[in-house]
Amino acid sequence: MVAQGFHPRLRDELTRSVAPHLETFLGKLIIEIPEGEFLAASSALEQLEDEQAEKNADQDETALLKNQSLLESQEMAKKCLINAVLGCVLIPLICNLYSMLLGFRVLGKEMPLSRLTRTRLIMAFFFNCIGFYIWLTYGPMLLKDLF
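Residues numbered from 1 in each chain as written. Predicted model: local features only at pLDDT ≥ 70, side-chain atom pairs only at ≥ 80, totals over all residues. Heavy atoms only, no water.

Undergrad: Looking at this structure, how should I read the side chain of Thr117?
TA: Of note, Thr117 is situated in helix α5 (residues 115-146). Side chain to side chain, Thr117 and Ser114 meet in a polar contact 2.9 Å long. Leave out the neighbours within four places in its chain, and Thr117 touches Ser73, Gln74, Ala77 and Val106. (Helix = DSSP H or I, 4+ residues; strand = E, 2+ residues; numbered from the N terminus. Polar contact = N/O pair within 3.5 Å; in protein donor to acceptor, adjacent residues only side chain to side chain. Contact = heavy atoms within 4.5 Å.)

So, in structure tokens, the structure goes:
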């Protein structure tokens, strides 16, 4: 406040510095501002509060965007795992390739992954490996027998 040209006075400042153990008995710290500076000090305080509110709103918006991105990554990792399992069981190679594409999209976001997302991606990786092994090893034999 002094840097902004005001002349505040702290009530009981000397008592607080000499006997800090009496601070609880004195109550809150009271700042007295001369009457001529009251309106200017009040408007300066309102400006500081507005700046703090804008800063908090920006932080809230950033947190919301980060949370949305995290949920999107978790959903993509879930689709990745489902397609990897389907690639092992029903539809060979196509689901595995799509699963790998989704996994790379999740990793390409370059953001910290939640534990659930990491687990899903690791499981999808193993299912993709199993799916590729089964269908590339035994798939040609099955196709040769069918045709």
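From this point, the narrative continues.
Undergrad: How should α5 be read in this particular structure?
TA: Counting along an α-helix, one turn takes 3.6 residues, and residues three or four places apart therefore face a common direction. Taking 1.5 Å of rise per residue, the 32 residues of α5 would be expected to cover 46 Å, and the 44 Å separating its terminal C-alpha atoms lies within 8% of that figure. Largest kink in α5: about 40°, centred on Gly139, with the proline Pro140 one to four residues after it. Those residues of α5 lying buried are Thr117, Arg120, Leu121, Ala124, Asn128, Gly131, Phe132 and Gly139. Buried residues along α5 sit against α3 (38-89) and α4 (94-108). (Expected span 1.5 Å × (residues − 1). Bend = angle between axes of the 7 residues up to and from the residue. Buried < 20%, exposed > 50% of the residue type's maximum accessible area, 1.4 Å probe, protein only.)

Undergrad: Got a minute to help me understand the packing of α3 against α4 in this structure?
TA: When two helices pack together, their arrangement is given by the angle between their axes and by how far apart the axes lie. With their axes 8 Å apart at the nearest point, α3 and α4 run at an angle of 160° to one another. Here α3 is positioned roughly antiparallel relative to α4, judged by the angle of their axes. When the axes of α3 and α4 are compared, the crossing they make is left-handed. Contact with α3, carried on its side by Ser73, Met76, Ala77, Lys79, Cys80, Asn83, Ala84, Leu86, Gly87 and Cys88, involves Cys95, Asn96, Tyr98, Ser99, Leu102, Gly103, Arg105 and Val106 of α4 and no other residues of that element. For the contact of α3 with α4, the residue count by class is ten nonpolar, six polar and two charged. (Axes fitted to C-alpha atoms, helices over the stretch in contact; angles between N-to-C directions. Parallel < 35°, antiparallel > 145°, perpendicular 65-115°, else oblique. Left-handed = near helix turned anticlockwise from the far one by under 90°. Nonpolar A, V, L, I, M, F, W, Y, C, P; charged D, E, K, R; others polar.)

Undergrad: Mind showing me how you'd approach the packing of aromatic side chains here?
TA: Here a ring pair, both rings aromatic, is described through the centre-centre distance and the interplanar angle of the planes. What the rule picks out here adds up to one aromatic pair. Ring plane angle 65° and centroid distance 5.5 Å describe the contact between Phe125 and Phe126, whose orientation is recorded as edge-to-face. Judged by relative accessible area, Phe125 falls into the partly exposed class, the value being 49%. (Phe/Tyr/Trp six-rings, centres within 6.5 Å; stacked < 30°, edge-to-face > 60°.)

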